[in-house]
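Coordinate inspection notes
As a plain string of letters, each chain reads:
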Amino acid sequence: MAKLYPKDMEAPAGGVDDMTKLSYLHEPGVLQNLATRYELNEIYTYTGNILIAVNPFQKLPNIYSSKMMEQYKGAQFGELSPHVFAVADVAYRAMINEGKSNSILVSGESGAGKTETTKMLMRYLAYLGGRAGKTEGRTVEQQVLESNPVLEAFGNAKTVRNNNSSRFGKFVEIQFDKHGRISGAAIRTYLLERSRVCQVSNPERNYHCFYLLCAAPQEELQKYKLSDPKSFHYLNQSKCYELVSVNEAHEYLATRRAMDIVGISTQDQEAIFRVVASILHLGNVDFAKGQEIDSSVLKDDKSKFHLSTVAELLMCDPVGLEDALLKRVMVTPEEVIKRSLDPLGATVSRDGLAKTLYSRLFDWLVDKINSSIGQDASSKSLIGVLDIYGFESFKTNSFEQFCINYTNEKLQQHFNQHVFKMEQEEYTKEEIDWSYIEFVDNQDVLDLIEKKPGGIVALLDEACMFPKSTHETFSNKLYQTFKAHKRFVKPKLSRTDFTICHYAGEVTYQSDQFLDKNKDYVVPEHQDLLTASKCSFVAGLFPPAEEGAGSSKSSKFSSIGSRFKLQLTSLMETLNSTEPHYIRCVKPNNVLKPAIFENVNVMQQLRCGGVLEAIRISCAGYPTRRTFYEFLHRFGLLAPEVLVGNYDEKVACKKILEKKGLVGFQIGKTKVFLRAGQMAELDARRTEVLSVAAKTIQYKIRTHVTRKKFLMLREATIYMQALCRGRLACKQFEGMRREAAAIKVQKSARKYQAQKSYSRLKSSVLVIQTGLRAMAARNEFRFRKQTKAATILQARWRCHRDYSYHKKLKKSCLVTQCRWRGRVARKELKSLKMAARETGALKEAKDKLEKKVEDLTWRVQFERKTRENLEESKAQEIAKLQSSLEEVQKKLEDTNSNLIKERSEAAKLAKKAVEEAPPVIQEKTVLVQDTEKIDSLTQEVENLKASMQLEKEKAEDFEKKFEQAQKALDEKQKKLEESDGKLRQFQETVQRLEEKLTNVESENKVLRQQAVAPNKFLSGRSKSIMHRGSDDGTILGNNSFVPSDSNGTPAVARELTRERSELDDRPQKSLNEKQQENQDLLIRCIAQHLGFAGNRPITACIIYKCLLHWRSFEVERTSVFDRIIQTIGHAIETQDNNDVLAYWLSNASTLLLLLQRTLKASGAAGMAPQRRRSSASLFGRMTQSFRGTPAGVDLSFANGSSVIGVGSIRQVEAKYPALLFKQQLTAYVEKIYGMIRDNLKKEISPLLSLCIQAPRVSRASLMKGASRSPTRTASQQALIAHWQGIVKSLTNFLNNLKANHVPPFLVRKVFIQIFSFINVQLFNSLLLRRECCSFSNGEYVKTGLAELEHWCYRATDEYAGSAWDELKHIRQAIGFLVIHQKSRKSLDEISHDLCPMLSIQQLYRISTMYWDDKYGTQSVAQDVISNMRVLMAEDSNNVGSNSFLLDDDSSIPFSVDDISKSMEQIDISDIETPPLIRENSGFVFLLTNSN
């Protein structure tokens, strides 16, 4: 019973995401929670701020995508589901906000996923702080991420537990600048396992780089003289040469690419792999005994070959290399002595050289990566990611396991201090007493290992410095020194092993190779040999020793243990200076397969990772802590009077605990802290109360059942009595019914008589009334008929009289007008003749072009005829060859048929001769005759064969000729294609010339129109002349006559001609100044807020009318478009002012609509240069408007003033600047639209994060407000305050857009995208936060969605459109949360009826995260969950189905055509002119339009 632990029966079915929320914080509870979450593919779990990551051994969909990074960016820790991104984000935010460096410690045993977790951390940090510094075109974060493949190739190997185990510790420092961008990085490595280079046990492998090099391309293998891995001693000690699903050749190329990215040159790469190949060859050098005592020589020719290969690869002296391996130099005061090594010593020397080479190479790679990445000396903050080996305990534990466990002891002490510090911070924040809590420390184990001078490391160094020391003497020294130490144990069955009691358990170490592995000196002979290498890379790995040390030929002692101790001390100093964050990686099983959770294995890893130690620290204080709301929600039934009373939550919790007699608890500011065991006691009391309540419910139900039976019996008795009484009442009723029937018959008879007399009287009265009314109507009709006839006669007479007068008046006006126009036209004809002489040059150019076109046309026709002739000749030659070939084949067939016939005839004759033969005497003669026939036939056959052979030769000759002809045809075909190409070029040239000709003709046409068209523009001076004429009695109107001078020329025409000549003679400089003044005035005008005329934006209409009047759309070069665009750009620089943005969106969209319906692309836009100088500028076009009316504008004269009215908008031939202006305006419409939409998103985003989860209301307040009271109404209003805030923002935004008359089409698009954004944010938050997938929270969100639906109804379809339909995902998800009896729903009902828009992965996530906090109901059935898993496994190969999060659509959902189709016609004729330009003479046309 002592090993039984209480179980939380009310724990969620899917487990909790933070194990500090567990009601019972003990080992079985932790293990069950991890197993439950692992079964649901929830691999991450918090323990406070410690993240536990369970390796899934499979790729989980969408868990590390960029969308997931975006979700966790800036999110509060614990707000979303546990994730490695959350830890990285907390570290980054703490560094940015507090300016303090942070570190993330990733630990776990081999195969737990430390390396992959580290990659994800660095990837997320690169996502947050990327794009800062660059090195040779590559960013710092790219080089940091790409350094992983290089370090894995040279530092990772296959072990028993993992195929890609890191055999070194790695601490990556990522440096950031003051803006939070990555500015530098550094990688520090610890304790590379050097012994693996020479010793590999089965089924492990050596380092990956050796196998990658053996799988290199063949030319590289030949260069390095490599072959299969099985032929090398350092690799064939294990029978494992290949990894499952790993292509070594591809990995080799990937490693080379990674080296390129991190900045390792091609020469250095070649040198690196030469060193790797030399190590492989060095392992194959074997030794045998020499002739002298204790000497050795190379064993065989194979060893000599490998030795020479090593010397060749390292570019050193082969003889010197052999001496360095076989001999040692001893320096004495008297002389220098050379001594030989025995075979064993030579082998040790060889392995030492190999290990030294590899370790120096690995250190060079790390230094190269660091120098390539570059460190930021000015960086004030960094984030360190520590990927370190976990606690190891094997059957055989050597020096490597000792150093690894020493590291973990050090990190565990740091971890315990951090956990204890967290507990202190929690207690301090809650203001409770914690001074009596003791801290569990492992300092005694660290003193045992590292203390000076009596620690294990110090004793090991001391033993290594004595030449005659062995592992037995070292072990005896340990036994004597630590025989009384409680953490040191001497095994009973071994003389050299020793056991240390670590925090994770006892580990027995074998000291056999401790001394050899601890020595880290370089043999002087090896140093001298490789320093003198001709390869600069190899010589750089072994720099010359310092003076003093280099003169001595003895080996200077260096200890790996001491060096590692110094590195570890430096690491701890770095970690102590940073804010730590912990990630504990767990391997769920040893078979490395998914969906297998081994409890014992996981428990051991939790113990080794210190998680259980952290739990013990928590249990030493207050392991159970609950917020006031949670405590009252669960244990409020223990004291109902406290909930009914008007108590504060804190007071209520204290009264409940005091009532139950608990002591030792603490009441904080927001939480209740319980000692170990108190939670179980409260649950037991709660179970008792629930048991009593259950019994009460039972006897109440039994009472109800008994009473129900009694009521049924009483009801049956009453029913029998009622039947008897009814029988008696029926008889009495029959008599009463007969009496009532007689009375009813009498009544009906009397009624019938009275009704009949009344009907006769009524019909008589109606006849009389009808006659009288008919007579009065006939009199009235007769009077009206007479009056109407007289009126018609009068109208016809008056119409005839007025029409006759009108015809006479019209005829006289026409005669007058024709005479006047004739005189004007004759005068203009003279000027036209003068202009025609000026166009003579144009006509000559036109004639030249026409001649050139005719020439080109003739050449085209000639080429076409040539091609047709070639085709005809080719066809004829092919037909001739085919016919000759057919004749030859026919002759051949005839010859064969004749030959067959003659053979058959010869056979028949021979047979007939045999049959008709006489007796035997004449037989010889017959035979002779037959033989002669056969010979003749044979001769004929031979002749036929010869002729057939001749025919075959002829046929072959014909085939050769056919082939030659075919080749000739192919050559002609190529020439024909070349001629086709030239023809196409000629056609293009002709087309361009035709276009130029068209342009010239259009210019001539314009000149003619300008010469013929009457002058319809009146300047201020001409107006004064007209006024003077009116003073003299001259009137210009319908019945007008114009006085003329003695020559017959009208005075007005003479004045206009004189003014036009003045305008044409004005200098170009004054025209440009006038142009600039008008543009400046227009720009100043539109920069103001001009408002609206009805629903029409004044600014857009003014711009359009000015550009149309000035003919700006038809010019080749103008700056007015750029200035308008710049004005709009300056106006919308303040992105937060939605009123300004809405104003310019309305103007820009209206102007774009007018341009869309006015402009059309000109076919020759920009191709023909302007001939006249006056037309080259904008003002030149304005002067042309004096002589001709612009397209789309009607000019008329009335009462002495010109009136310009825009009738129907007609299309204008637009040049390139106008089309570019339209494109820029389109871009600004899209930009302003996006800014308005993004501003609204920013405004509602903070509210959305509050709307996804219902605010908690205390249980006491809910019970007190059970009745419908004003208090309850106020609390309900407070619950939906955030939703009302969103509705208020939407309403204000809609009113702003309406006030600025933004087209309803654009308003609909904005709100459709905003509602889509709301749908994405709410739905993604629902999938990422388990606390949101509850029944009560579903009701809360459903209430908020109802508010949005009511808003859409009030906004009407004109402005809301289909916005409500965009919330389909969150509506269906919330509908699924609030339905009852989910366990009875099948997968088909859920996926097709309830949630058709949700994918299987989304349904699976909601189903597994659902919990009912209101009624305690369960989620969907387990078989439905299983079916969902099967469907997800089938869809795992489909990339599109792997995403369960929604994407926010930030595109522009409309085009210019959509705007044009959705907006109505705009009448701009009556737009009022702004005051700024109203008095200017250059904008008179705006005044006349408005009038």
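The paragraphs below set out a description of the structure included in this document.

Thresholds applied
- Residues numbered from 1 in each chain as written.
- Predicted model: local features only at pLDDT ≥ 70, side-chain atom pairs only at ≥ 80, totals over all residues.
- Heavy atoms only, no water.
- Helix = DSSP H or I, 4+ residues; strand = E, 2+ residues; numbered from the N terminus.
- Buried < 20%, exposed > 50% of the residue type's maximum accessible area, 1.4 Å probe, protein only.
- Contact = heavy atoms within 4.5 Å.
- Areas by Shrake-Rupley, 256 points an atom, 1.4 Å probe, with all protein chains shown as cover.
- Core = buried A, V, L, I, M, F, W, Y, C linked by side-chain atoms within 4.5 Å.
- Expected span 1.5 Å × (residues − 1).
- Arc of directions from axis to C-beta.
- Axes fitted to C-alpha atoms, helices over the stretch in contact; angles between N-to-C directions.
- Parallel < 35°, antiparallel > 145°, perpendicular 65-115°, else oblique.
- Nonpolar A, V, L, I, M, F, W, Y, C, P; charged D, E, K, R; others polar.
- Pairing = 2+ DSSP bridges.
- Left-handed = near helix turned anticlockwise from the far one by under 90°.
- Phe/Tyr/Trp six-rings, centres within 6.5 Å; stacked < 30°, edge-to-face > 60°.
- Patch = residues over 30% accessible without salt bridge, like charges linked within 9 Å, V, L, I, M, F, W, Y side chains within 5 Å.
- Salt bridge = Lys/Arg side-chain N within 4 Å of Asp/Glu carboxyl O.

Digging into the overall build of the protein
The helix and strand tally for the protein stands at 49 helices and 27 strands. A burial count over the protein gives 44% of its 1491 residues as buried. Residue pairs at least 24 apart in sequence account for 75% of intrachain contacts in the protein once pairs closer than 6 positions are excluded. By element, 53% of the accessible surface of the protein is carried by carbon and sulfur atoms, the whole surface being about 81,100 Å².

Things to note about the nonpolar core
Soluble, globular proteins show a tendency: their nonpolar side chains are buried together. One finds F154, F210, I583 and L1348 to be the most contacted residues of the largest nonpolar core, which totals 239 residues. Sort the elements by how many residues they give to this core and helix 41 (residues 1304-1328) lands first, with 16 residues. When near neighbours in sequence (up to four residues on either side) are disregarded, L1348 contacts W1283, I1286, V1287, L1290, F1315, I1318, W1364 and L1367.

Quick word on the environment of V106
Relative to the helices and strands, V106 resides in strand 3 (residues 102-107). In this structure V106 comes out as buried when scored by relative accessible area, which is 1%. In this structure, the C-alpha to C-alpha distance between V106 and Y389, residues 283 residues apart in sequence, is 8.8 Å. In this view, V106 contacts K114, T117, T118, L121, L386, D387, I388, I583 and C585; residues no more than four positions away in its chain are not counted.

Quick notes on helix 21 (residues 560-576)
For helix 21, which comprises 17 residues, the first-to-last C-alpha distance of 24 Å matches the rise-based estimate of 24 Å (1.5 Å per residue) to within 8%. Listing the buried residues of helix 21 in full gives I560, G561, F564, K565, L568, L571, M572 and L575. The arc that holds the buried residues of helix 21, viewed along the axis, is 130 degrees, so those residues lie on one side. Every exposed residue of helix 21 that faces more than 90 degrees away from the buried side is listed here: L566 and E573.

Notes on the packing of helix 34 (residues 1120-1131) against helix 37 (residues 1216-1251)
Between helix 34 and helix 37, whose axes approach to 10 Å, the crossing angle comes to 10 degrees. As far as their axial angle goes, helix 37 and helix 34 are roughly parallel. Side by side, helix 34 and helix 37 meet where F1121, D1122, I1124, I1125, I1128 and G1129 of the first sit next to P1217, A1218, F1221, Q1224, L1225, Y1228 and I1232 of the second. Taken together, the residues of the contact of helix 34 with helix 37 sort by class into 10 nonpolar, 2 polar and 1 charged.

A look at the environment of W1283
Looking at the element boundaries, W1283 is found in helix 40 (residues 1281-1299). For W1283, a relative accessible area of 0% corresponds to the buried category. Residues W1283 and L1248, spaced 35 residues apart in sequence, show a C-alpha to C-alpha distance of 8.1 Å. Setting aside residues up to four positions removed in sequence, W1283 forms contacts with C1251, L1322, Y1340, V1341, G1344, L1345 and L1348.

Comments concerning the sheet that holds strand 21 (residues 671-674)
With antiparallel pairing, 3 strands are arranged side by side in an open sheet as 19-21-20. Pairing within the sheet leaves two strands with one partner each, and these edge strands are strand 19 (624-627) and strand 20 (666-667). Contacts from helix 24 (residues 628-635) reach strand 19, strand 20 and strand 21 within the one sheet, and its direction differs from that of strand 19 by about 95 degrees.

Some points on the packing of helix 10 (residues 266-283) against helix 11 (residues 301-314)
Here helix 10 crosses helix 11 at 165 degrees, and the two axes come no closer than 9 Å. By the angle between their axes, helix 10 is roughly antiparallel relative to helix 11. Of the two possible hands of crossing, helix 10 and helix 11 adopt the one that is left-handed. Between helix 10 and helix 11, the contacting residues are R274, V275, A277, S278, H281 and L282 on the first element and H306, T309, V310, L313 and L314 on the second. Classifying every residue of the contact of helix 10 with helix 11 gives 6 nonpolar, 4 polar and 1 charged.

So, the packing of aromatic side chains
Using the criterion set out here, one finds 36 aromatic pairs in the structure. Their ring planes at 45 degrees and their centres at 5.6 Å tell us that F482 and F488 sit as a pair that is tilted. Summarising the burial analysis for this pair, F482 and F488 share the class buried. Seen in terms of ring centroids, F1315 and W1351 are 5.9 Å apart; in terms of plane orientation they differ by 25 degrees. Their pairing is stacked.

What about a nonpolar patch on the surface?
Taken together, the side chains of I697, I701 and V705 define a hydrophobic patch exposed on the protein surface, amounting to about 260 Å² of accessible area. Within the secondary structure, I701 is located in helix 27 (residues 678-838).

A look at the sheet that holds strand 9 (residues 182-190)
Read from one edge of the open sheet, 7 strands run 1-2-18-3-14-8-9, paired in mixed fashion. Strands with a single pairing partner mark the edges of an open sheet, and in this sheet they are strand 1 (44-47) and strand 9. Sheet twist, expressed as the mean angle between neighbouring strand axes with direction ignored, is 20 degrees. Relative to strand 18 (residues 579-586), strand 3 is paired through 6 bridges, and the arrangement is parallel. For L105, the partnering residue across the bridge sits in strand 18 and is Y582. Contacts from helix 4 (residues 114-129) reach strand 3, strand 8 (169-176), strand 9, strand 14 (381-387) and strand 18, with the element oriented near 160 degrees to strand 14.

Section: the pattern of salt bridges
All told, the structure shown has 31 salt bridges when counted by the stated rule. With a shortest N-O distance of 3.7 Å, R350 and D286 are connected by a salt bridge. Here D286 lies in the loop between helix 10 and strand 10 (287-289) and R350 lies in helix 13 (residues 343-373), a separation of 64 residues in the sequence. A relative accessible area of 4% places R350 in the buried class. In this structure, K410 engages E450 in a salt bridge whose closest nitrogen and oxygen atoms are separated by 2.9 Å. Of the two residues, K410 sits in helix 14 (residues 399-430) while E450 sits in helix 15 (residues 443-450), which places them 40 residues apart along the sequence. Exposure class is identical for K410 and E450. Each is buried. One salt-bridge network, held together by shared partners, links R167, E193, R196 and E204.

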